[in-house]
Every structure is written in structure tokens, then in C-alpha cells.
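# Examining the three-dimensional arrangement
Listed below are the residues making up each chain.
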Amino acid sequence: MNAFLFIITGLIVLVGSSVIAIAPIWKEQERQFRLIGVVLPVGGGVMGIVIGLKSAAKSDALMRSTAQIVQTSAKTLRGVDETLKTSKDVLKETGDNLERLRRV
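These remarks concern the structure in this document. Computed from a prediction, not measured in an experiment: that's the story for all the values here.

Scanning the chain from N- to C-terminus turns up two helices and zero strands. Taking 104 residues into account, the globule formula puts the C-alpha radius of gyration at 13 Å, and the chain, at 33 Å, lies well above it. Expressed as a percentage of its 104 residues, the buried residues of the chain come to 9%. Total accessible area computed for the chain in this model is approximately 8,600 Å², and 68% of it derives from carbon and sulfur atoms. Taken as two groups, the 14 positive and 9 negative side-chain charges of the chain have centres that lie 6 Å from each other.

This is how it looks when you write it as C-alpha cells:
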């Protein structure tokens, strides 16, 4: 969605610049064309800045969520690692006990 809005913003600025370029052709309406040619790029620029700031805010929120997920995943993986170590120790002890029983 933001990409579409940035394209629209660019087109608004381009149209505004074009209106300034063609303004001298129509002497009767040159003043109106120059006014439109100034207002459109400024409006498009402001719109681009607002869209950029909203996009940055969304990216920041996404990065914070991702950081929280990574922290939670790290805690979970540490727990899994500890469980696997415990299971390995239990299996080793069970194997040792079975070996002792087999010798008897």
C-alpha cells in the first residue's frame, strides 16, 4: 500500500512541475498555473513525508515485536537444551544400570 501511495505522491509532484513548465504558454492563466504548479509539489512532498513517517513507525513496531519473539525463542531453546541434557544424563545412567544388571 505504501509503495502505491509513494507512486501517487511522485506523480503529484511530477504533474505540479509540469504545470509550472507549461504555465508561460497560456498567458491569460499563467498565474493560476504557477500557483497550481507550486501547490502540487509541496502537497505531494508533505504527503510523502507523512507516508514515510507512518511507514517508519510501522517498521519500528515490527522490529520491537520481532525482538520480543527472538527473546522468547531464546528462552524456549535454552529450556529445550536443558531438557535434552537431562535426558542424555538419564539415558546414560539407565545404560550404566542395564550394563551392571547384565553382568550380575
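Having seen the model, we can carry on.
Position of Ala 56 among the secondary structure elements: in helix H2 (residues 30-103). In the structure, Ala 56 is positioned 14 residues away from Val 70 in sequence and 21 Å away in space, judged by C-alpha atoms.

Time to look at the environment of Gly 44. Following the sequence through the fold, Gly 44 ends up in helix H2. Owing to a relative accessible area of 0%, Gly 44 belongs among the buried residues under this scheme. Linking Gly 44 and Ser 73, residues 29 residues apart in sequence, is a C-alpha distance of 43 Å. With near-sequence residues (within four places) excluded, Gly 44 lies in contact with Thr 9, Ile 12 and Val 13.

Next up on the list: the pattern of salt bridges. Scanning the entire structure with this criterion turns up five salt bridges. Close ionic contact of Arg 64 with Asp 60 constitutes a salt bridge, the shortest N to O distance being 3.1 Å. With Arg 64 and Asp 60 both in helix H2 and four residues apart, the pair spans about one turn of that helix. Classification of Asp 60 as partly exposed rests on a relative accessible area of 38%. One continuous salt-bridge network, built from bridges that share partners, spans Glu 99, Arg 102 and Arg 103.

This part covers a nonpolar patch on the surface. A contiguous nonpolar surface patch, about 390 Å² in accessible area, is contributed by Ile 20, Val 38, Val 42, Val 46 and Val 50. Judged by its relative accessible area of 31%, Ile 20 is partly exposed.

Our next topic: H2. Between its terminal C-alpha atoms H2 stretches 107 Å, which fits the 110 Å expected from 74 residues at 1.5 Å a residue. Taken together, the buried positions of H2 are occupied by Glu 30, Gly 37, Gly 44, Gly 48 and Ile 51.

Take Glu 30: it is sitting in helix H2. Beyond its immediate chain neighbours, meaning those up to four positions away, Glu 30 contacts Ala 23 and Pro 24.

Conventions we followed
- Residues numbered from 1 in each chain as written.
- Predicted model: local features only at pLDDT ≥ 70, side-chain atom pairs only at ≥ 80, totals over all residues.
- Heavy atoms only, no water.
- Helix = DSSP H or I, 4+ residues; strand = E, 2+ residues; numbered from the N terminus.
- Rg over C-alpha atoms; globule rule 2.2 N^0.38 Å.
- Buried < 20%, exposed > 50% of the residue type's maximum accessible area, 1.4 Å probe, protein only.
- Areas by Shrake-Rupley, 256 points an atom, 1.4 Å probe, with all protein chains shown as cover.
- Lys, Arg positive; Asp, Glu negative; His and termini not counted.
- Charge placed at Lys NZ, Arg CZ, Asp CG, Glu CD.
- Contact = heavy atoms within 4.5 Å.
- Salt bridge = Lys/Arg side-chain N within 4 Å of Asp/Glu carboxyl O.
- Patch = residues over 30% accessible without salt bridge, like charges linked within 9 Å, V, L, I, M, F, W, Y side chains within 5 Å.
- Expected span 1.5 Å × (residues − 1).

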